[in-house]
Every structure is written in structure tokens, then in C-alpha cells.
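So the chains spell out like this:
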Amino acid sequence: MTKIFNDPADFADEALAGFCDAHSDLVRQVDGGAVRRNRPASPKVAVITGGGSGHYPAFAGIIGPGFADGAVVGNIFTSPSSQQAYSVAKAADSGAGVVFTYGNYAGDVMNFGMASERLNAEGIRAENVLVTDDIASASPGEIGKRRGIAGDFVVFKVMGAAAEAGLDLDAVVRLGSKANGLTRTIGTAFGGCTFPGADQPLFRLPEGQMGLGLGIHGEPGLFDTELPSAVELGRELVRRVLDETPAGASRRLAVILNGLGSTKHEELFVLWRTVAPLLREAGYTLVMPEVGELVTSLDMAGASLTLTWLDDELEQYWTAPALTPAYRRGSVGFDAGVSEVAHEDSATEAADYSSTAESRAYAAQCLSALDTTASLLRASESMLGDMDAIAGDGDHGRGMVRGSAAANEAAATAFERGAGAGSVLIAAGDAWADKAGGTSGVLWGAGLRAFGERLGDAETPTPDVLAESVRAFADRIAGLGKAEMGDKTMMDALLPFAASLEERIASGIPVEEAWAVAATDASAAAASTADLRPLKGRARPLAEKSLGTPDPGATSLAMVFTAVGPHFTAVPVAAVTN
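Quick caveat: nothing in here was measured; it's all calculated off a predicted structure.

## Here we look at the environment of Gly-61
Right, on to step 1. Looking at the element boundaries, Gly-61 is found in the loop between strand 3 (46–53) and strand 4 (70–76).
Right, on to step 2. Its relative accessible area of 0% is what places Gly-61 among the buried residues.
Right, on to step 3. For the pair formed by Gly-61 and Ala-478, sequence separation is 417 residues and the distance between their alpha carbons is 36 Å.

Right, here's the structure in full:
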């Protein structure tokens, strides 16, 4: 159990600040994460790793010569926002382009992708390499749907060394993709991890059982099985990974036997005593194997086995020197680069707003809706987290709380500066996406922005405009998340709400009643997701365990839309002076 913390909501931020202070000779903190203390003496490709906190030494612990140039750091088990990724990339870029590399999770894909689009638009070439090494999370025929777990480390190391050697962006991306294609991992959990401030782990296993096929975000294994001896476990892990040997693979392996957080090194060495001979008996040469904690999951008890089939090119970069806070290999001898360059704040000056008295009056109601949302989600955090922990990482409640609180604060600031209703919701959406991170954060943020763009700052919306704004919210989220009805996501509540509201407003029902009926329909639709198997997101590999539990994203959306109805549908009684 995580016992050292102040406010649990600040745990990730405080851990990052402490890490950067302790290793100030190698790293410096910037908005959204950390980068190397010194910039390279000449332009080189910047390799930027990233994802949620809770995986140390991944991701910030591997910043340094021969490895990463920076790391984007989200909240615990939560994707960082696109703004965080953009900020770290700007700080790490030295003129040769940047490559984001991370595990294949929906929130990371969306946020790093959006940051890449922004960087490319500014003339900074940005590419992405996703890691898909987890053989338990999808079949061999669906490798593109697999998660990235401890195989991250090999892919990151190869790319970092290649960039350090002076290869260009295309070559670094090619090598990262090659390493990923030749990497396979299987993991097992003996017990769940515990979030700071939580009084119980995300999941528990029956006595004498283990969960095979775990994720690194606190997810339980895909199925539970009897806890074997170390010899039996080693045989099982080796068999499962070798069963997926890539066609034409070499006989030389990079091997990682990884601890998930509270499995001691001595235990891993006992397991290695079985793993290594089995691999050698199968005809493999083990090249600089690693046994220890490299990609963790807070205090989870468990282990994973990663194999990467090396060719001459990959082996050159896997064995290359590295000097980072958490990982050192060989004699580095790198040029320390130029002295630190002060980080430039990306904050812009406060926007000037032009809005009417009518829109300002409605903006006040939007503020009330956002305040109600933040209070509701704060009170529901534990419930939503428990729902999410059934087949996910348990962070939905905390992410929604962080996002709604940031949205509420940003909206209030915009209103004080003269914003109308549309600009208030746009400010709220941007803050939600930035501070919440993760899949739900980017989706809620984008949706609120679309809602605000349709409302505008000119007048109080008519019922038709309100329905169109909700539809814009839904369309923006659907386009970004690519989820459909039946996928067991927030869309299963959102689409019925939007359709119901449009139908009833079109029939002439008063807007207050139309919204209330639509909210009831959304709540019923959210409850019915208990019968669905998830087809998107982190819960997809654990589809069977998800049966019987409603989708937390659909549940929270229905709750919020029910609570905010009276604010969005009431007619302003007085205009607010602009």
C-alpha cells in the first residue's frame, strides 16, 4: 500500500518535483514532465517517452544520454494531456525533430497524436511509435490492438541509443518500429496495487491464486489460475512467449524479467534461475539480460517476461551505453552538451472577449452547471473508481474530479474577464483536457469545446441551438474516440441523450422537460451497458470481468447530464453587465 503522501490528488506532481530535485544533475522539470538538464551541443532527434505516473523508473527515470531526451508525465495511470506532450516536446527539441514513443492506450494515442499535429503545424517534425508487446491483450491476428507493457523499455532504449548515435528521425522511427515488431511480453500478478489515499487495492486475488495476463495500469490478469512454484511459473512464462516467436527471428535475445513494484529482486532471481536455462536450452543466446524493476505498477506484486529477438542492428543499440537516473550501462563518455536553457513558459496573455449581455447571463448558468458537475463528481469519485477497477485501472473517478475541477476554475476565470457562454465552455473544455489527461479527459475537453463553439457569445440559446450544441458535443467525441453504440463506452449514454433531446425539442416539448426525459433515457442506457462486453479502451482485454458492471464513462456522463439540466435549460432572469 502507498503510505507516503500528502493530498492524494497531488501525489504525481509532488513525486515528479522530488525526482527532478534529487537528480538535478541529469534532468530538469518543465511544464508537463521533464527533459535532460543540458541540451545537445548539436541538433539530434529528441526521443520523448510518456504516459501516466506510477511506473517508475519508466518514464522519467530513463532520461539521459543514450536513452530518452524527455518524458511526458501524466497523473497516476492516466495519459498526459496533449498540452503536456506539446510542452515537453518544445523543451526537448533541438532542431532535428521529435518522436513520441509510448504504450498503445487510447488516451495516449489521442493526446500524443494531437500534440504531434500541433508541432508539425509549427514546423517541428513529430512522429509516433506505439508499443504493442503484450501477447495477452489481443490475438496474433490483432497485434495492433495489443497493449504496451514492459516491452516499452526495449523499444525506448533502442530508439534513444539510435538518436544518440546521430541517426535521423526516419531511421529512429524505423528502428523503434522494428524493435516493437520483434518484442513480446507476458505478465502475471500476485496482488493488486493501491492508489495513494485508497484503503484497498484495485483488485484482490483469492488465496493461492495469480492473475495471468495483467496490464501495467493496475488491471487484474485476464484470468486467474493456481499460484505455481517458481519453476512452474518460469516454464509457463517462457512457453507462452516462445509460442509467439516471430517468423525468421534470430537466435539472440534481449531479455527482461521485470518486477511490477513489490516483488523483490531475490524472488526475481529465483525465477530467473528457471527462465534463463529454458531459453538457452531452446537454442538462444541471451544478450545483456535485465532482471529488476524497470516498468512498474505502483506497489503491485507481480512479474513479467519480455523477449526481443535481436538482429545486428538492434543489438548494437540495445547494448549501447546509457546514463540516466535509474539505469546505467557501460561507459557513456558523451558530450554533456550546452548549459541549461531556461524553459520558456508557453502561457499566453489573457484573451480579450467580446460578448453580449444575454450571453453573459447564460454564461453565469453555465458556471453553475460546471460547479454542480465538479461537486457531483467529487462526491462520486470512489464509486466511479470502484466501477472502473473491475476491468480497468480504477482511475476514472479521480480523472473526472481533476478534469471538472480544472474546468470549473478556468471557466470562472474566463467569466471574470468578460467571456460569454461559448467562451466559458471553451475555456472549461481546454482546462479539462489539459489537467485530467487520459481518454475521458481529452474526450470531455473536446466535447465541451465543441459545445461552446456552437453556443457562441452572442445570445441566450434557443431550444434548437441547445440541442445542436449537445449534438456538436457528441459528434466531436465520436470523431475523436471512434467509438460506437454497443462498444461499452460513454457513447452508449451520450448518443441516446442527444437523440432523445433532439426528438423531443423538435416535437415542441418544453426544453426543461425534454432535457429531463433525455437524461432519464441516458441513465437507462448507461445502466444497460452492464450487459455489454467492452470493445474499446483498457477494459477490452478484460471483457468477461466487465460483464455485470455498467461502463463508468457512460455512468458518469448520465449523472452529469442529469445534474446540469436545470442550469442549461433555465431562462436567465437578468442580464449580466458585459
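## Points about the sheet that holds strand 1 (residues 27–30)
Backbone-to-backbone hydrogen bonds join strands into a sheet, with any given pair of strands oriented parallel or antiparallel.
Right, on to step 1. Ordered in space as 1-2-4-3-5-6, the six strands form an open sheet in which the pairing is mixed. Of all strands in the sheet, those with a lone pairing partner are strand 1 and strand 6 (126–131), marking the two edges. In this sheet, adjacent strand axes meet at a mean angle of 25 degrees when their direction is disregarded.
Right, on to step 2. Sheet topology note: the strand 2 (residues 33–36)/strand 4 ladder contains three bridges and is antiparallel. Paired with Val-35 across the strands is Gly-70, a residue of strand 4.
Right, on to step 3. Along the sheet, helix 2 (residues 82–92) contacts strand 1, strand 2, strand 3, strand 4 and strand 5 (98–103); its crossing angle with strand 4, the most-contacted strand, is approximately 160 degrees.
Right, on to step 4. Contacting strand 3, strand 4, strand 5 and strand 6, helix 3 (residues 106–121) runs over the sheet at an angle of about 175 degrees to strand 5.

## Focus on the pairing of strand 4
Every regular strand shows the same layout, with side chains that alternate between the two sheet faces.
Right, on to step 1. Most of strand 4 is tucked away, with seven of its seven residues classed as buried.
Right, on to step 2. Bridge count between strand 3 and strand 4: five bridges; the pairing is parallel. When the sheet's bridge partners are listed, Gly-50 is paired in strand 4 with Val-72.

## Looking at the pattern of salt bridges
Right, on to step 1. Scanning the model with the defined rule gives 27 salt bridges in all.
Right, on to step 2. As a salt-bridge pair, Arg-184 and Glu-244 come within 3.5 Å of each other at their nearest N and O atoms. Of this pair, Arg-184 sits in strand 7 (residues 183–191) while Glu-244 is found in the loop between helix 6 (230–242) and strand 10 (252–259), placing the two residues 60 residues apart along the sequence.
Right, on to step 3. Linking Arg-398 and Glu-381 is a salt bridge whose minimum nitrogen-to-oxygen distance equals 3.4 Å.

## A short note on the environment of Asp-152
Right, on to step 1. By secondary structure assignment, the location of Asp-152 is in helix 4 (residues 152–164).
Right, on to step 2. In sequence terms Asp-152 and Thr-101 are 51 residues apart; their C-alpha atoms lie 8.4 Å from each other.
Right, on to step 3. Those residues in contact with Asp-152 that sit more than four places away from it in its chain are Phe-59, Gly-103, Val-131 and Asp-133.

## Things to note about the nonpolar core
Grouped burial of nonpolar side chains is what soluble globular proteins tend to show.
Right, on to step 1. Counting 88 residues, the largest nonpolar core has Val-99, Phe-153, Leu-279, Leu-305 and Leu-307 as the members making the most contacts within it.
Right, on to step 2. Sequence-distant contacts of Leu-305, defined by excluding residues within four places in its chain, comprise Arg-184, Thr-185, Ile-186, Leu-237, Val-238, Val-241, Val-255, Ile-256, Leu-257 and Val-275.
Right, on to step 3. Membership of the second largest hydrophobic core comes to 61 residues, among which are Ala-363, Ala-493, Phe-497 and Phe-561.

## Remarks on the side chain of Arg-146
Right, on to step 1. Secondary-structure assignment places Arg-146 in the loop between strand 6 and helix 4.
Right, on to step 2. Under the relative-accessibility criterion, Arg-146 is labelled buried at 0%.
Right, on to step 3. Looking at Arg-146, its side chain comes within polar contact range of the side chain of Glu-244, at 2.7 Å.
Right, on to step 4. Discounting chain neighbours no more than four positions away, the residues touching Arg-146 are Asn-104, Val-131, Thr-132, Asp-134, Ile-135, Ser-137, Ala-138, Ser-139, Pro-140, Arg-184 and Glu-244.

## Considerations on the side chain of Ser-556
Right, on to step 1. Topologically, Ser-556 is positioned in helix 17 (residues 552–569).
Right, on to step 2. A polar contact of 2.9 Å, which involves the side chain of Ser-556, links it to the side chain of His-396.
Right, on to step 3. Discounting residues that sit within four places of it in the chain, Ser-556 has contacts with Leu-377, Leu-384, His-396 and Met-400.

## Structural notes on the packing of aromatic side chains
Right, on to step 1. What the rule picks out here adds up to 17 aromatic pairs.
Right, on to step 2. Consider the rings of Phe-153 and Tyr-327, whose centres lie 5.0 Å apart with planes at 80 degrees: the pair is edge-to-face. Placement of the pair is Phe-153 in helix 4 and Tyr-327 in the loop between strand 14 (322–323) and strand 15 (328–329), with a sequence separation of 174 residues.
Right, on to step 3. For Tyr-327, a relative accessible area of 5% puts it in the buried group.
Right, on to step 4. Taking 5.5 Å as the distance between ring centres and 75 degrees as the angle between the ring planes, the aromatic pair formed by Trp-444 and Phe-473 counts as edge-to-face. Placement of Trp-444 in helix 12 (residues 438–455) and of Phe-473 in helix 13 (residues 463–481) is noted, with a sequence separation of 29 residues between them.

## What about a negative patch on the surface?
Right, on to step 1. Taken together, the side chains of Asp-7, Asp-10, Asp-13 and Glu-14 define an acidic patch exposed on the protein surface.
Right, on to step 2. Here Asp-7 is to be found in the segment before helix 1 (11–22).

## Some thoughts on empty space enclosed by the protein
Right, on to step 1. Inspection of every chain in the model, using the stated rule, returns three cavities of 30 Å³ or more.
Right, on to step 2. Its boundaries defined by the atoms lining it, the largest cavity holds a volume of some 120 Å³.
Right, on to step 3. In terms of lining, the largest cavity is formed by 14 residues, of which the most central are Trp-444, Leu-448, Val-560, Phe-561 and Phe-568.
Right, on to step 4. The set of elements that each furnish at least two residues to the lining of the largest cavity consists of helix 9 (357–389), helix 11 (421–436), helix 12 and helix 17.
Right, on to step 5. When residues in the lining of the largest cavity are grouped by element, the largest group, four residues, is from helix 17.
Right, on to step 6. Considered class by class, the residues forming the lining of the largest cavity number 13 nonpolar, one polar and no charged.
Right, on to step 7. Approximately 70 Å³ is the volume attributed to the second largest cavity.
Right, on to step 8. As for the second largest cavity, its lining consists of Arg-28, Val-35, Arg-36, Asn-38, Arg-39, Pro-40, Asp-69, Ala-91 and Ala-92.
Right, on to step 9. Taken together, the elements giving at least two residues each to the lining of the second largest cavity come down to strand 2 and helix 2.
Right, on to step 10. Residues that form the lining of the second largest cavity fall into these classes: four nonpolar, one polar and four charged.

## Looking at the packing of helix 13 against helix 14 (residues 491–506)
In a packed pair of helices, the relevant descriptors are the angle between the two axes and the axis-to-axis distance.
Right, on to step 1. Where helix 13 meets helix 14, the axes come as close as 9 Å, and the angle between the chain directions of the two elements is 155 degrees. Taken together, the axis directions place helix 13 and helix 14 in an arrangement best described as roughly antiparallel. Handedness of the helix 13/helix 14 crossing: left-handed. Between helix 13, through Pro-463, Asp-464, Ala-467, Val-470, Arg-471, Phe-473, Ala-474, Ile-477 and Ala-478, and helix 14, the contact on the second element is made entirely by Met-491, Leu-494, Leu-495, Phe-497, Ala-498, Ala-499, Leu-501, Glu-502 and Ile-505.

How each quantity is defined
- Residues numbered from 1 in each chain as written.
- Predicted model: local features only at pLDDT ≥ 70, side-chain atom pairs only at ≥ 80, totals over all residues.
- Heavy atoms only, no water.
- Helix = DSSP H or I, 4+ residues; strand = E, 2+ residues; numbered from the N terminus.
- Buried < 20%, exposed > 50% of the residue type's maximum accessible area, 1.4 Å probe, protein only.
- Pairing = 2+ DSSP bridges.
- Axes fitted to C-alpha atoms, helices over the stretch in contact; angles between N-to-C directions.
- Contact = heavy atoms within 4.5 Å.
- Salt bridge = Lys/Arg side-chain N within 4 Å of Asp/Glu carboxyl O.
- Core = buried A, V, L, I, M, F, W, Y, C linked by side-chain atoms within 4.5 Å.
- Polar contact = N/O pair within 3.5 Å; in protein donor to acceptor, adjacent residues only side chain to side chain.
- Phe/Tyr/Trp six-rings, centres within 6.5 Å; stacked < 30°, edge-to-face > 60°.
- Patch = residues over 30% accessible without salt bridge, like charges linked within 9 Å, V, L, I, M, F, W, Y side chains within 5 Å.
- Areas by Shrake-Rupley, 256 points an atom, 1.4 Å probe, with all protein chains shown as cover.
- Lys, Arg positive; Asp, Glu negative; His and termini not counted.
- Charge placed at Lys NZ, Arg CZ, Asp CG, Glu CD.
- 1 Å grid on protein atoms, 1.4 Å probe; cavity = no way out; pocket = protein on both sides within 12 Å on 5 of 7 lines; lining within 4 Å.
- Points joined across faces, edges and corners; volume = space filled by probe spheres on them.
- Nonpolar A, V, L, I, M, F, W, Y, C, P; charged D, E, K, R; others polar.
- Parallel < 35°, antiparallel > 145°, perpendicular 65-115°, else oblique.
- Left-handed = near helix turned anticlockwise from the far one by under 90°.

Bear in mind that shape data such as this cannot, by itself, settle questions of function.
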